[in-house]
Amino acid sequence: MSVEGLDILLVEDDSNDADLTLYALRDEKVMNSVHVVSDGAEALDFLYCTGSYADRRPAGPPKVILLDLKLPKVDGLEVLKSIKDDPKLRSVPVVMLTSSQEERDVLASYRLGVNSYIVKPVDFKQFEDAIRSAGMYWLFLNRPPVRNSVGSAPRPTSGEAACRAEDASPHGGGL
Amino acid sequence: MRRPPGWFILVRRCLLVACDRMLCLCPVCLLAAVPMEPSFTSGDRTVIPDADTDLAPTPDGRIDDRGVRNRRAGDRAVAVPSTSGGSARRVKRTLTTAFSTLLAFQVLLGIVCLLATISVRSQVHNVVRNIAAERQANDEILVDMTNAETGVRGYLISRNQSFLAPYDTGTAALPARFATVEQHLPGDPRLRGRLAAERAEVSAWYRDYARPVIAGATPDPADGKRLFDAFRASQAAVADMLDRHREAKIDELNRTQVGTLALVAGCLVIGLVVGTRTAVVTTRRLVRPLTAVTEAVRSLAHGRLVTRPMPAGPAEVQEVGWSVNVLADQLDRVADERASAAARLQKANDELEAFSYSVSHDLRAPLRAVTGFSHILVEQHADEMSEQARELLNRVERGGQRMGALIDDLLAFAHVGRQELTKTTVHPADIARECLADLSAEQEGRHVETLVEDLPACLADPALLKLVYTNLLSNALKYSRGRDPAHIRIGSHAESGATVYFVSDNGAGFDSRYAHKLFGVFQRLHKSEQFEGTGVGLALAARIIKRHGGQIWADGKIDQGATISFTLPVAAPS
Ligand SMILES: Nc1ncnc2c1ncn2[C@@H]1O[C@H](COP(=O)(O)OP(=O)(O)OP(=O)(O)O)[C@@H](O)[C@H]1O
Ligand SMILES: [Mg+2]
């Protein structure tokens, strides 16, 4: 399957997490089309083709944005808000990645229209599964309707599609 | 007869009327004087609070609520007004006693005066009536004597026996007349002398004139006239004396009455003046300062802690005022301390929250790097490494995973302590079944027989109760891993009025000597090689049960299974 242009924008300040995320996505032939930025301001510059990204080509938006919640400069929730407030970017699925299990973050993200929310597990196997399923889900199953008619599966709504990686520990979940 | 002067009669009549009125009014006046005490209300509001009615209601709540709240520090001030109410009631009682005594005294005085007046009046009245009878008898003596004289004069002229009829009638009546006069004669010797003189004159007339005429002699009529005039003079003297006597008696009566009236009026005036003065003084000196203190205490009780009563009035009341001030200072200080303690606590709580937030966020990222990269190393570079190096890297990864689990569990534990409880009626059996379904992975490939009994509903936070059952059931499944079949029973029984819920299994059990240790954080009785786990599960369950006001305990024996039991407040029937 060939993918034109940029597939994934990964907004991640922790270079370890960025590398692990890239490693998790390694088999999916999208490595060459993942762009990593390390803070919220850079993410916005990238998306709006401003600042150091003023002459980014092609200038179209990515197909999926993996967004860390806690970011230097402009925080993940702010980035999410400006994406969801922009009519041109609104349809781009955003997967929130975070280490935080704080309920208020989850709620705030959903209120701002996040498509999916992943609490990054410490266990790498689980981490890999979560990243891969979320990335692949939004990348291949949830393609925009104009592009292709092969995947005629009904578009899941953001709520149903929330593939939040639940903690395996019996008393960890949800708290 | 001497009449008393007109002004005297007028004054006497006025006094009599006034006295009668006052004697009737006196009890009424005094009765009115006692309810004067409520008139200490000084116009605007009742000053002496009835401790039962005035102080009991609180501005904000029911009595039951108050009973509970009273025991808390914040509402300690509420206890104060009841004390002051008590002292007010004592003052009320004292005043009532004083006024009742005064009333009784005045009523008694009134009755005594009334009786005295009545008795004096009736005595004097008797005397006056008797004197009147004597006066009349004395007058009739004159009539009889005149008759006798008429008879004698007719006989003297006609010598006809029939003319003596008036003489006989008069003569016959005379002894009785004298007896009547003498009968009630007051013990005045002068009066007795006069009467004796009159009797002597009568005898002289009979002896020296009437009888000689009847015997046939013809004495000088001038003698007869002289003798009769002498009698008439002495008769008039007696009459005059009796009149004067009567007059004196009436005077005496009047004097007695005036004296009594003056006494009663004086007592009444004194009583009224003293009563009013007492009322005014009491109001000013006692009730008003007490009111001020009561008001201050009430204001304090309503939370206006800046209130300070101005100590005034008698020493005892001033002391109350000072004590209230001291109390208010203390209250103020306590409130301040509490406020600052609450602020400190809030700050600490906020810091803790920020801390756990950053722990959950920042501590996990490096851990993920440790586990992630060691995993990649093993996966990607296995053939470049010795067997031992691979094993060591596996250990690194497992250590990181374990630390991740510990962090998660600790955070969950901290979170349960902070979380608000939203209690509703829940059905533990449903929750237990849900948990069993969630834990189906642990049951795969095993023979587990679960028995969920009918459990009474209870009042609890559903999410947290689910966490309790999840942990108890995951333990039961985990520690019965070696059994075939494993039995897990979720039941309840009533024990001394409370419902005890329990989860029991036939698993590995534990040494009952350490039963109490199971509920501590990171306390484990089994090795992680045998049974994995962090040792937070039961601590978390215990924390939740305690936050619900229940109790939790464990029973078990090595290799004979374990039972974890807990109590919860029963749901109100609806
Ligand atoms: N049903 C049981 N049978 C025997 N031992 C038990 C049982 N439940 C608890 N224990 C003992 O109590 C200890 C504490 O239990 P707890 O649930 O707190 O921790 P854990 O199960 O070891 O770890 P985790 O935090 O993952 O639940 C366990 O280590 C075990 O020794
Ligand atoms: Mg456990």
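Just so you know, these numbers come straight off a predicted model, no measurement behind them.

*Asks:* How do you make sense of the confidence of the model for chain A when you look at a structure like this?
*Replies:* Close reading of the predicted structure is inappropriate where its pLDDT is low. All names here are of chain A. Of all residues in chain A, 74% attain a pLDDT of 70 or more, and the chain-wide mean is 75. At the low end of the mean pLDDT range in chain A sits helix 6 (residues 158-161), at 36; at the high end sits helix 3 (residues 76-85), at 92. Segment residues 145-175: pLDDT under 50, and 50 contacts once partners within four positions in sequence are set aside and those in other chains are kept.

*Asks:* Would you mind going over the site of ligand 1 with me for this structure?
*Replies:* Taken together, 20 residues lie near ligand 1, and Asn-475, Arg-524, His-526, Thr-534 and Leu-538 of chain B sit nearest. Per-site note: the chains with residues close to ligand 1 are chains A and B. One nitrogen or oxygen atom from the side chain of Lys-478 of chain B is found 2.9 Å from an oxygen atom belonging to ligand 1. One of the side-chain nitrogen or oxygen atoms of Asp-505 of chain B is found 2.8 Å away from a nitrogen atom of ligand 1. Here ligand 1, which alone exposes 590 Å², has 97% of that area covered by the protein. Looking at the shell around ligand 1, the elements that each hand over two or more residues are helix 11 (462-479) and helix 12 (537-547) of chain B. Ranked by residue count, the leading element in the shell around ligand 1 is helix 11 of chain B, at three residues. For the shell around ligand 1, a count of residues per class yields seven nonpolar, nine polar and four charged.

*Asks:* Would you mind showing me how to read unusual backbone geometry here?
*Replies:* With the exception of glycine, most residues fall at negative phi, and the peptide bonds are largely trans. All names here are of chain B. Of note, the amide linkage connecting Asp-484 to Pro-485 takes the cis form, showing an omega dihedral of -5 degrees. Following the sequence through the fold, Pro-485 ends up in the loop between helix 11 and strand 4 (486-495). One non-glycine residue, Ser-496, lies in the positive phi region at around 40 degrees. Tracing the backbone shows Ser-496 in the loop between strand 4 and strand 5 (498-505).

*Asks:* Quick question: what am I supposed to make of a nonpolar patch on the surface here?
*Replies:* A surface patch of nonpolar side chains, about 370 Å² in accessible area, is lined by Ile-111, Leu-114, Leu-115 and Ile-118 of chain B. Relative to the helices and strands, Leu-115 of chain B is located in helix 3 (residues 79-158).

*Asks:* Just to check I follow, could you spell out the packing of aromatic side chains for this structure?
*Replies:* In this description, an aromatic ring pair is defined by two values, namely the gap between the centres and the angle between the planes. All names here are of chain A. Scanning the entire structure with this criterion turns up 13 aromatic pairs over all chains. With 5.0 Å between their ring centres and 75 degrees between their planes, Phe-46 and Tyr-53 make a pair best called edge-to-face. For Phe-46, a relative accessible area of 3% translates into the label buried. Judged by its relative accessible area of 13%, Tyr-53 falls in the buried class.

*Asks:* For this particular structure, what's the right way to read the sheet that holds strand 2 (residues 448-452) of chain B?
*Replies:* Residue and element names in this part refer to chain B. Across the sheet, which stays open at both edges, the five strands sit in the order 2-4-5-7-6 with mixed pairing between neighbours. Each having just a single partner strand, strand 2 and strand 6 (552-556) make up the two edges of the open sheet. Averaged over all adjacent pairs, the angle separating strand axes in this sheet is 20 degrees, with direction ignored. Alignment of strand 4 against strand 5, held across eight bridges, turns out to be antiparallel. Bridged to Ser-492 within strand 5 is Tyr-501. Of the strands in this sheet, strand 2, strand 4 and strand 5 are in contact with helix 9 (residues 428-438), which crosses strand 2 at around 160 degrees. Of the strands in this sheet, strand 2, strand 4, strand 5 and strand 7 (562-567) touch helix 11, which is tilted by about 35 degrees from strand 5.

*Asks:* What am I meant to see in the interface of chain A and chain B here?
*Replies:* When the parts come together, some accessible area is lost, and that loss is often what is quoted as the size of the interface. Facing the 29 residues of chain A at the interface are 33 residues of chain B. Taken together, the connections running from chain A to chain B amount to one salt bridge. Between Arg-368 of chain B and Asp-17 of chain A there is a salt bridge, with its nearest N and O atoms 2.8 Å apart. Counting every contact that joins chain A to chain B gives seven residue pairs in polar contact (both at pLDDT 80 or more). When contributions to the side of chain A that touches chain B are tallied by element, the ones reaching two or more residues are helix 1 (15-24), helix 4 (103-111) and helix 5 (124-141) of chain A. Of the residues forming the side of chain A that touches chain B, the biggest block, five residues, is contributed by helix 1 of chain A. Looking at the side of chain A that touches chain B, its residues break down into 10 nonpolar, seven polar and 12 charged.

Each value, and the rule that gives it
Residues numbered from 1 in each chain as written. Chains lettered and ligands numbered in written order. Predicted model: local features only at pLDDT ≥ 70, side-chain atom pairs only at ≥ 80, totals over all residues. Heavy atoms only, no water. pLDDT = per-residue confidence, 0-100. Helix = DSSP H or I, 4+ residues; strand = E, 2+ residues; numbered from the N terminus. Contact = heavy atoms within 4.5 Å. Near = heavy atom within 4 Å. Polar contact = N/O pair within 3.5 Å; in protein donor to acceptor, adjacent residues only side chain to side chain. Areas by Shrake-Rupley, 256 points an atom, 1.4 Å probe, with all protein chains shown as cover. Nonpolar A, V, L, I, M, F, W, Y, C, P; charged D, E, K, R; others polar. Patch = residues over 30% accessible without salt bridge, like charges linked within 9 Å, V, L, I, M, F, W, Y side chains within 5 Å. Salt bridge = Lys/Arg side-chain N within 4 Å of Asp/Glu carboxyl O. Phe/Tyr/Trp six-rings, centres within 6.5 Å; stacked < 30°, edge-to-face > 60°. Buried < 20%, exposed > 50% of the residue type's maximum accessible area, 1.4 Å probe, protein only. Pairing = 2+ DSSP bridges. Axes fitted to C-alpha atoms, helices over the stretch in contact; angles between N-to-C directions.

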